[in-house]
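# Commentary on secondary and tertiary structure
Take a look at the letters that make up each chain.
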Amino acid sequence: MARPVKPRRICAGPKRAQFAPKNPCGWVQLALEELETLRLIDQLGMTQADCARQMQVARTTVQLIYDNARRKVATALAEGKGLRIEGGRYVVCGQGEHCCGQNCRRTGCGRQAACCCCGQNQTQKGAQNHEDCSDL
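Cut-off values and rules
Residues numbered from 1 in each chain as written. Predicted model: local features only at pLDDT ≥ 70, side-chain atom pairs only at ≥ 80, totals over all residues. Heavy atoms only, no water. Helix = DSSP H or I, 4+ residues; strand = E, 2+ residues; numbered from the N terminus. Buried < 20%, exposed > 50% of the residue type's maximum accessible area, 1.4 Å probe, protein only. Contact = heavy atoms within 4.5 Å. Areas by Shrake-Rupley, 256 points an atom, 1.4 Å probe, with all protein chains shown as cover. Axes fitted to C-alpha atoms, helices over the stretch in contact; angles between N-to-C directions. Parallel < 35°, antiparallel > 145°, perpendicular 65-115°, else oblique. Nonpolar A, V, L, I, M, F, W, Y, C, P; charged D, E, K, R; others polar. Left-handed = near helix turned anticlockwise from the far one by under 90°. Pairing = 2+ DSSP bridges.

Now for the overall build of the protein. Looking only at helices and strands, the protein has five helices and seven strands in total. Each helix and strand of the protein, ordered N terminal to C terminal, gives the series β-β-β-α-α-α-β-β-α-β-β-α. Sorting the 136 residues of the protein into buried and exposed places 34% on the buried side. Expressed as a percentage of contacts within the protein between residues at least 6 apart in sequence, the contacts between residues at least 24 apart total 64%. Accessible area for the protein stands at about 8,700 Å²; split by element, carbon and sulfur atoms hold 47% of it.

Put into structure tokens, the structure is as follows:
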């Protein structure tokens, strides 16, 4: 019997659900956990091992997700297809709206911890009043 797939943890959904050239030649679907691996590894510069800890899955799982995501993005770009971001097997981080999305596993994601971008201490209650420090 196959082992059930463990949901991958993401910080938040995308700000835009699709990207496309002016006249797309079809569509490619990118799952939310695939977008999260691209964000963590390519945008934030995490290693696959760090990404795996953040998403609470094995490093080999992250490698498979990341390879699939890169292949899908390359296909969309090379073939002039649109990219839809939807679906997947994921859970959203419980403090996602209060977290800046960097190392929230390490920083406790809203529990008594320092914010990962500005270093200010915050509690779960304080996180709700914490300023958006994404501009720093």
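So, on to the packing of helix α1 (residues 32-43) against helix α3 (residues 59-79). Viewed as axis vectors pointing N to C, α1 and α3 meet at an angle of 95 degrees, and their least axial separation amounts to 8 Å. Between α1 and α3, the crossing angle belongs to the class labelled roughly perpendicular. Touching Glu33, Glu34, Thr37, Leu38, Ile41 and Asp42 of α1 are Val62, Ile65, Tyr66, Asn68, Ala69, Arg70, Lys72 and Val73, all from α3. Tallied by class, the residues present in the contact of α1 with α3 amount to seven nonpolar, two polar and five charged.

This next bit is on the packing of α1 against helix α2 (residues 48-55). Look at α1 against α2: their axes get within 10 Å of each other, and the N-to-C directions meet at 130 degrees. When the axes of α1 and α2 are compared, the pair comes out oblique. Of the two possible hands of crossing, α1 and α2 adopt the one that is right-handed. Taking contact as the criterion, the partners of Glu33, Glu36, Thr37, Leu40 and Ile41 in α1 are, on α2, Gln48, Cys51, Gln54 and Met55. The residue inventory of the contact of α1 with α2, partitioned by class, reads four nonpolar, three polar and two charged.

Let us look at the side chain of Glu36. By the element assignment, Glu36 lies in helix α1. Those residues in contact with Glu36 that lie beyond four places of it in its chain are Arg9, Ile10, Cys11 and Met55.

A separate point is the pairing of strand β3 (residues 27-30). Burial of the side chains of β3 is restricted to one face: Val28 and Leu30 are buried, whereas none of Trp27 and Gln29 on the reverse face is. Across four bridges, the pairing between β3 and strand β4 (residues 82-85) is parallel. Within β4, the residue paired with Gln29 across the bridge is Arg84.

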